[in-house]
Structures are given as C-alpha cells and as structure tokens.
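Analysis of the macromolecular model
Spelled out, the chains give:
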Amino acid sequence: MDYFFPNIPVISYEGPNSRNPFAFRFYNPDEVILGKTMKEHLRFSMAYWHTLCATGTDPFGRGTAIRPYEESASNDPMELAKIKMRAGFELMQKLQIPYFCFHDCDVAPEGNSLAEFSRNLDEMADLAEELMTQTGIKLLWGTANLFSHPRYVHGAATSCSADVFAYAAAQVKKALELTVRLKGENYVFWGGREGYETLLNTDFSLELDNLARFLSLAADYADKIGFKGQLLIEPKPKEPTKHQYDFDVAGVLGFLQKYGLEGRFKLNIEANHATLAGHTFQHELAMARINNALGSIDANQGDLLLGWDTDQFPTNIYETTLCMLEVLKQGGIAPGGLNFDAKVRRGSFTPEDLFLGHIAGMDGFARGLRIAAALITDKVFDEFIEKRYQSFQIGIGASIVNGEATLESLAVHAHTLDEIKLESGRQEYLETLLNLYI
Ligand code: XUL
Ligand code: CO
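Presented here is an overview of the structure given in this document. (Residues numbered from 1 in each chain as written. Chains lettered and ligands numbered in written order. Predicted model: local features only at pLDDT ≥ 70, side-chain atom pairs only at ≥ 80, totals over all residues. Heavy atoms only, no water.)

Okay, the overall build of the protein next. For the protein, the helix and strand inventory stands at 16 helices and 14 strands. In summary, the protein has a C-alpha radius of gyration of 24 Å against a globular reference of 22 Å for 438 residues, a match within 12%. Counting every position in the protein, which comprises 438 residues, the buried fraction comes to 49%. Put simply, 76% of the contacts in the protein that link residues at least 6 apart link residues at least 24 apart. In the form shown here, the protein has an accessible surface area of approximately 21,100 Å², with 54% of it arising from carbon and sulfur atoms. Treating the 40 positive side-chain charges of the protein as one cloud and the 58 negative ones as another, the clouds have centres 2 Å apart. (Helix = DSSP H or I, 4+ residues; strand = E, 2+ residues; numbered from the N terminus. Rg over C-alpha atoms; globule rule 2.2 N^0.38 Å. Buried < 20%, exposed > 50% of the residue type's maximum accessible area, 1.4 Å probe, protein only. Contact = heavy atoms within 4.5 Å. Areas by Shrake-Rupley, 256 points an atom, 1.4 Å probe, with all protein chains shown as cover. Lys, Arg positive; Asp, Glu negative; His and termini not counted. Charge placed at Lys NZ, Arg CZ, Asp CG, Glu CD.)

This brings us to the packing of helix α10 (residues 281–290) against helix α11 (residues 317–329). Two elements in contact, α10 and α11, have axes whose closest approach is 9 Å; the angle formed by their N-to-C orientations is 5°. Classified by the interaxial angle, the pair formed by α10 and α11 is roughly parallel. Every residue of α11 that contacts α10 at F281, Q282, L285, A286 and R289 is listed here: E319, L322, C323, E326 and K329. Along the lines of polarity and charge, the residues of the contact of α10 with α11 split into five nonpolar, one polar and four charged. (Axes fitted to C-alpha atoms, helices over the stretch in contact; angles between N-to-C directions. Parallel < 35°, antiparallel > 145°, perpendicular 65-115°, else oblique. Nonpolar A, V, L, I, M, F, W, Y, C, P; charged D, E, K, R; others polar.)

Take the pairing of strand β6 (residues 99–103) next. Strand residues, when the strand is regular, have side chains that alternate between the two faces of the sheet. Counting buried positions over the five residues of β6 gives five, a clear majority of the element. Across the two faces of β6 the burial is the same, with Y99, C101 and H103 and F100 and F102 all buried. Pairing geometry for strand β5 (residues 44–47) and β6, over three bridges, is parallel. Directly across from A47, in β6, lies its bridge partner C101. The pairing of β6 with strand β7 (residues 138–143) spans five bridges and is classified as parallel. Opposite H103, over in β7, you have T143 as the bridge partner. (Pairing = 2+ DSSP bridges.)

Taken together, the neighbourhood of ligand 1 is formed by W49, H103, W141, W190, E234, K236, E270, H273, D298, D309 and D341. H103 is positioned with one of its side-chain polar atoms (N or O) 2.7 Å from an oxygen atom of ligand 1. One nitrogen or oxygen atom from the side chain of K236 is found 2.9 Å from an oxygen atom belonging to ligand 1. Protein chains shield 93% of the accessible area of ligand 1, which is 290 Å² for the free molecule. The site holding ligand 1 turns out to be the largest pocket. In terms of residue class, the shell around ligand 1 is built from three nonpolar, two polar and six charged. (Near = heavy atom within 4 Å. Polar contact = N/O pair within 3.5 Å; in protein donor to acceptor, adjacent residues only side chain to side chain. 1 Å grid on protein atoms, 1.4 Å probe; cavity = no way out; pocket = protein on both sides within 12 Å on 5 of 7 lines; lining within 4 Å. Sits in = over half its atoms within 2 Å of the grid points.)

So, about empty space enclosed by the protein. Summed over the entire model, instances satisfying the criterion amount to five cavities of 30 Å³ or more. By volume, the largest cavity amounts to about 140 Å³. L146, F189, W190, G191 and E194 are, among the 17 residues lining the largest cavity, the residues nearest its centre. Broken down by secondary-structure element, the contributors of at least two residues to the lining of the largest cavity are β8 (186–190) and α7 (204–224). Counting residues per element, the lining of the largest cavity draws most heavily on β8, which supplies four residues. Here the residues of the lining of the largest cavity are counted per class, giving 12 nonpolar, three polar and two charged. Looking at the second largest cavity, its volume works out to about 50 Å³. Per element, the largest residue contribution to the lining of the second largest cavity is four residues, and it comes from helix α5 (residues 114–135). Looking at the lining of the second largest cavity residue by residue, the class counts come to nine nonpolar, no polar and no charged. (Points joined across faces, edges and corners; volume = space filled by probe spheres on them.)

What follows is the structure in structure tokens.
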C-alpha cells in the first residue's frame, strides 16, 4: 500500500541518535522488554476521528488540514468514506500501528435515516474487513457517536426524550454488532452529552437511573450477540456539558456499584480527561487498577494552562513513564491498548504531520515503557513503600489488617504508647531517583 502518502516510507526504528524525522528513536516493535515485545506491551491504536476526520476547525476559524487524497472524491459521501478508510490503513501500516478505534459516524455517512446509516455501515464494514485481512490490522474498540447530531442536544441515554433514548439504543445496537463482526476487542461508552447544564430543568435522579438502564440493556445485548471483549466506560468531568455524569474513575466506580454493574464494565482512562478532573493521569490509572477496572487507555495529553480537552499527542516523558508504571504493575493493558485519542495542532496541517504526530506519541510511550521497566526491575519505589507500611505486618497493625482489631483493642494499645515514632516520606529523594531514570 503506497498510494495516499507516496512520500512517506514505512517508519522503522533507527535508535536515539537518528535525526531522520520519519523514524522511531525509541519504539522498536519487536524488542523484548520484561518478557514481552514492545508491540505487545503498547498495543498502539489510531483514533479514526482525529486522524481521518478532523479538519482543524476551531470556534474561530474553519479547517486548515490539507488532505490531497480526499480531493479525488466526487460528491458521493460513500466514496469519500472509502478513500479515508483506505488512507487510514496505509497510514497505520506505514506507522506499524496494529489497532484502530472508531465511532460509527467516523466510518460511514449517516444518510437520511437509521436504515440508510445501517446500510452504509455494512458496506464500510465490508471494506474494513478486506483491509484488515490484507494488513493484519485489528479493531481495538468500536463505539457510537451519541453526541454530535442535534438530536442529542439534551443527552442520549440521559435525554429528556424517550425517543432519543430509543434512537441512541438503536445506534449502540448497530455499533455493537459491527464491533463483533470486526472482532473488536473492546467497546467504549463515552457519555458525550450525558450530563447537565442546570438543575433548574433536570430530573437528576431519573437521568442517572436511565443511564444505568441504558448501559445494562447494552451489556445484555452484547452478551446476546456473543461479544467476548471488554465493555468500557470513559470518564470525563466536563465538556461538552458542564457536569458530566461520568466525572472521574471514582465517580464511575460508585455509579457502577450503585446499579450493580461493576462486574460488567471496566474503564478507558484518558490522560487529558484526568487532568480536567483535577487529577493526575497516574491517579486515575492507579484508582482504576486497584479496583480491578483498568481496561484501556486513551493516550494523549492536555495543556495544563488551558481548561479544555486539547487532545495533544503524548510527548511528556514523566506522564508516559508513570502511565507505563501502572500498566506494568497490572501485568499489561491487554485486551485494552493505547489509543491515540490525539490530534495534530491546527497549524500542523500537512499529511506529513499526521505521521510526525504519531511518531512523537509512539516514541513518547516507548520511552516511558523503557524507563518504567527499569524502575520495576530495580524495585526503585517498591522496597521503600513496603518498608513504609511495615507496621501493618506485625502486632497491632497485623490485627487491623486481618480484622481482629476492635475499637477497644486499639484504644488499649494506644494507651500503652509513650511517643509515636514516624519516619520521613522522603518525597524529594524519591523524585530525584525518578529523575535519574528519566
Ligand atoms: C472525547 C473523547 C472521545 C471518546 C470516544 O473527549 O475522548 O473521543 O474517546 O467517544
Ligand atoms: Co477519549
């Protein structure tokens, strides 16, 4: 495949000294680290919407993206959709990206009715299947876009209109079927407009109950059609609505537990959503991991000076290192992956920038993986943490952990204490160690 990006070679590993912009400096797909290849650890995925559909529009100006390959399309939206898909597979193949993710309306035009949308999706799935077989590229996750069309102005599963709830259900039904047909390993629910602007017009309680009803119906249907992958909820605290219901990992876990859905859903954690929620990326990943709910990752980064979702390619090595540390601690991210929910800046408008953006993100995470693996191998933090909590291994601490302690036994113990001896948390020293590895 060498048609849509004729000037771009297959990107391969040239090592840290290479100054070739179209090469990897840290991502060496077949290199083995801690018993697995980098490709197996990282499970990179292209986000169809940003890479193939985004045009660079912002609230102040129209699109800037130059995509010469789209110019050959006539006015037929299906023809354009097919060109984009073929270009996407060439791009993934040249970048050695093994997975992709899509929303239903990224791949096929919606047409004038659900029936037409459904036919368009089937036709596009035929082409996707053909290209997947040809290239070996796989589907990491599918999803339905329940937020762009004006019908979703008041939400989808949390709309005030039961007809909109039903329409959204029909879209999810079809998107689940497509995901099964294309052997997708996960299915994602990001509650795009599931939230509210003001409680003056909102039945808060009904909306949350309906969101749970919707997810539960979707999970039942996924089981019914034999979907064996993970169902994932992607938290985000705000944007587009002021109060998004799936605010952060803790909020989603509480919601799932309240409605008895915790066994059925895991989470897809996005870096930029974490920072919007006032958390670090590592906090959200760790919160999911310790609750056995870390399913997959939307690999991007935000800009801490801006209060919105900038979806930038991840190049901050601190963040990628701490992310990969969480992934390694969980024993891997599979069947999830690292999906680049990231877009090139408006000023980076050439087709080459699509490659340079992905290379930056892939090298950013490859470097993070290498550093995290060294931190694990050398047990840089583990021994310190273990020692810090050693009082819970013996005596009164052990009785707290094994459930034998009562408030009375703790009080008896406390009365025997003259002085409590504490040790320093050594934060600055540990940060120095982290810097040594980075
Ligand atoms: C929006 C976002 C979405 C989801 C999929 O902020 O992250 O692209 O990842 O709907
Ligand atoms: Co995302």
